[in-house]
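Examining the three-dimensional arrangement
Okay, here's what each chain looks like letter by letter:
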Amino acid sequence: FDDRDGWIWLDGRFVPWREAKVHVLTHGLHYASSVFEGERMYGGEIFKLTEHTERLFKSAEILDFEIPYTVAEIDEACKATAAKNGLSDCYVRPIAWRGSEMIGVSAQQTRIHVAIAVWDWPSYFDPALKAKGIRLTWAKYNRPDPKTAPVAAKAAGLYMICTISKHAAEKDGYTDAMMLDYRGYVAEATGANVFFVKDGVLHTPKPDCFLDGITRRTVIEIAKGQGVEVVERHIEKEELAGFSECFIVGTAAEVTPVAEIGEFTFTPGKLSLGLMDAYAALVRREEVVPA
Ligand code: PMP
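Residues numbered from 1 in each chain as written. Predicted model: local features only at pLDDT ≥ 70, side-chain atom pairs only at ≥ 80, totals over all residues. Heavy atoms only, no water.

Section: the site of the ligand
This is how it is decided: Residues are classed as near a molecule or strand on a simple rule: at least one heavy atom within 4 Å of it. Within 3.5 Å is the distance limit for a polar contact, defined as a pair of N or O atoms, with the added protein rule that one can donate a hydrogen and the other accept it, and that residues adjacent in sequence qualify only through two side-chain atoms. Throughout, the ten residues Ala, Val, Leu, Ile, Met, Phe, Trp, Tyr, Cys and Pro are labelled nonpolar, Asp, Glu, Lys and Arg are labelled charged, and all others, Gly among them, are labelled polar.
Taken together, 14 residues lie near the ligand, and Lys-154, Tyr-159, Glu-188, Thr-215 and Thr-251 sit nearest. At a separation of 2.6 Å, an oxygen atom of the ligand approaches a polar side-chain atom of Thr-251. Residue classes in the shell around the ligand are distributed as four nonpolar, seven polar and three charged.

Observations regarding the pairing of strand β1 (residues 7–10)
In plain terms, the rule: By the convention used here, strands pair only if DSSP detects at least 2 bridges between them. What counts as a helix is a DSSP run of H or I of at least four residues, what counts as a strand is a run of E of at least two, and both are numbered from the N terminus.
One ladder, built from four bridges, connects β1 with strand β2 (residues 13–16); its direction is antiparallel. Each residue of the ladder has a partner; that of Trp-9, found in β2, is Phe-14. The loop that links β1 with its antiparallel partner β2 comprises two residues; one of these, Asp-11, has a positive phi angle of about 50°. In this sheet, strand β7 (residues 112–119) lies alongside β1 in antiparallel orientation, the contact comprising two bridges. Its bridge partner lying in β7, Trp-9 is registered against Ile-116.

Overview of the domain arrangement of the chain
Using the following cut-off: Where each domain begins and ends follows an automated or database-derived domain assignment. It only takes one pair of heavy atoms within 4.5 Å for two residues to be counted as in contact. Two parts placed together each lose some accessible area; with a 1.4 Å probe, that loss summed over both constitutes the buried area. Salt bridges are counted wherever a side-chain nitrogen of Lys or Arg sits within 4 Å of a carboxyl oxygen of Asp or Glu.
The domain boundaries assigned to the chain delineate domain 1 (7–119) and domain 2 (127–283). The partner domain 2 presents 21 residues to the 18 residues of domain 1 that form the contact. Here domain 1 and domain 2 share an interface that buries about 1600 Å² over both sides, 63% of which is from carbon and sulfur atoms. When the buried surface of domain 1 facing domain 2 is broken down by residue, Phe-36, Phe-47 and Arg-55 rank first, second and third, together holding 34% of it. Note that Glu-51 and Arg-217 form a salt bridge whose closest N and O atoms lie 3.0 Å from each other. For the pair domain 1 and domain 2, the interface holds nine residue pairs in polar contact (both at pLDDT 80 or more). Elements with a minimum of two residues in the side of domain 1 that touches domain 2: β3 (34–36), β4 (39–42) and α2 (49–62). The biggest single contributor to the side of domain 1 that touches domain 2 is α2, with five residues. Looking at the side of domain 1 that touches domain 2 residue by residue, the class counts come to eight nonpolar, four polar and six charged.

Quick word on the pattern of salt bridges
Put simply, the test is: Type-normalised accessible area, obtained with a 1.4 Å probe on protein chains alone, sets the label of each residue: buried when under 20%, exposed when over 50%, and partly exposed for intermediate values.
A full pass over the atoms with the stated rule returns 18 salt bridges. The salt bridge partner of Arg-18 is Asp-3, with a shortest N-O separation of 2.6 Å. Of this pair, Arg-18 sits in the loop between β2 and α1 (27–31) while Asp-3 sits in the segment before β1; the two residues are 15 residues apart in sequence, bridging distant segments of the chain. For Arg-18, a relative accessible area of 39% gives the class partly exposed. A salt bridge links Glu-37 to Arg-55; its shortest N-O distance comes to 2.8 Å.

Digging into helix α7 (residues 270–283)
Note the following rule: One less than the number of residues in a helix, times 1.5 Å, gives the span that helix is expected to have.
For α7, which comprises 14 residues, the first-to-last C-alpha distance of 20 Å matches the rise-based estimate of 20 Å (1.5 Å per residue) to within 8%. Buried within α7 we find Leu-271, Ser-272, Leu-275, Met-276, Ala-278, Tyr-279, Ala-281 and Val-283. Phi turns positive, to about 55°, at Arg-285, one or two residues after α7.

The following block contains the structure:
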C-alpha cells in the first residue's frame, strides 16, 4: 500500500505517498503508542468528521499523549488531504503516534506525530455478498476486561487480537470473526459493532468493553426515528439461536447483513436491509424512501 501516487498529510505538510515514512525505532511501532481513526467522505463531506476527530483526541489522552494540533486543525487537514488527492468519496485514516526520540517503556520525551491518508475504498465487503449476508466464525480471542486494556480508545494495540482473529477466520473461508468479551458475552466483529433482530426489536451488546462506534450510535438513532425499539444489553452466545436477523455496522463496513455466525444462521430481512439503505441515504444526505 506504500508504493502509489498521492499525498499524505504528515506533521502539518503534504508529502508524496511513497515518502511518508517513519524510523524503525518509532515508539508507536515497538510499544503500540498509536491511535487512529477511520472515516468516510461521501460526496465531498466527511460523515461526522468532528466526532471522529474528537475520538482521536480522546484516544490519545487515554494513551497518555497529547496531539499537538486542535480538533479544528485536524478536521481541516482531513478535508484538505481529500482535496489534495482529488477525492470526494473516500476512506480517511488519521493516525497519531509517539516518535523515535526515545525507546523503552517510558517515552515521555517522544515527539507526537500525526498523519492523514485518504484512499478510494468503495465497500469494505463485496456488494453482492453484502445483501446476501456475510459469513462469520467465532474469534480466537475475547475482548479484554476494561481493567486489562484501555478499551475505550481506538488504539493500535487493541487491534492485535482483531488481526489474528480475522486472519484465522479468512483462512477458514469466512469473511470476519465475531468476538466474545472477557465475560463470554457477544461483543463485536473485528472492526465493527453488531446488531440482532427478534420480533421487530433490535438488540445490541452494551459497549462497556469495546468501542461504542459512531455508526452504531447513528444506526440506533435511525432505528428509533423509525419507531423501532432498540435494546442495549448483555447478549449470551446461546441467545443467537433466537434471533432472526443480524448485521454489523462500522464506518468501513457501513451496515452489512450477516448470514452466519458459527453454528447460528440468519436471514437478512426488512430491518437489516432497510437500515442498510437508510444509512446509505443518510451519509449521502439523500431523502430516505420508506420501505
Ligand atoms: N469496533 C471496532 C473494533 C472497530 O474497529 C470499529 C471501526 N472503527 C467499530 C467498532 C465501529 O466504529 P465506527 O462506527 O465509529 O467506525
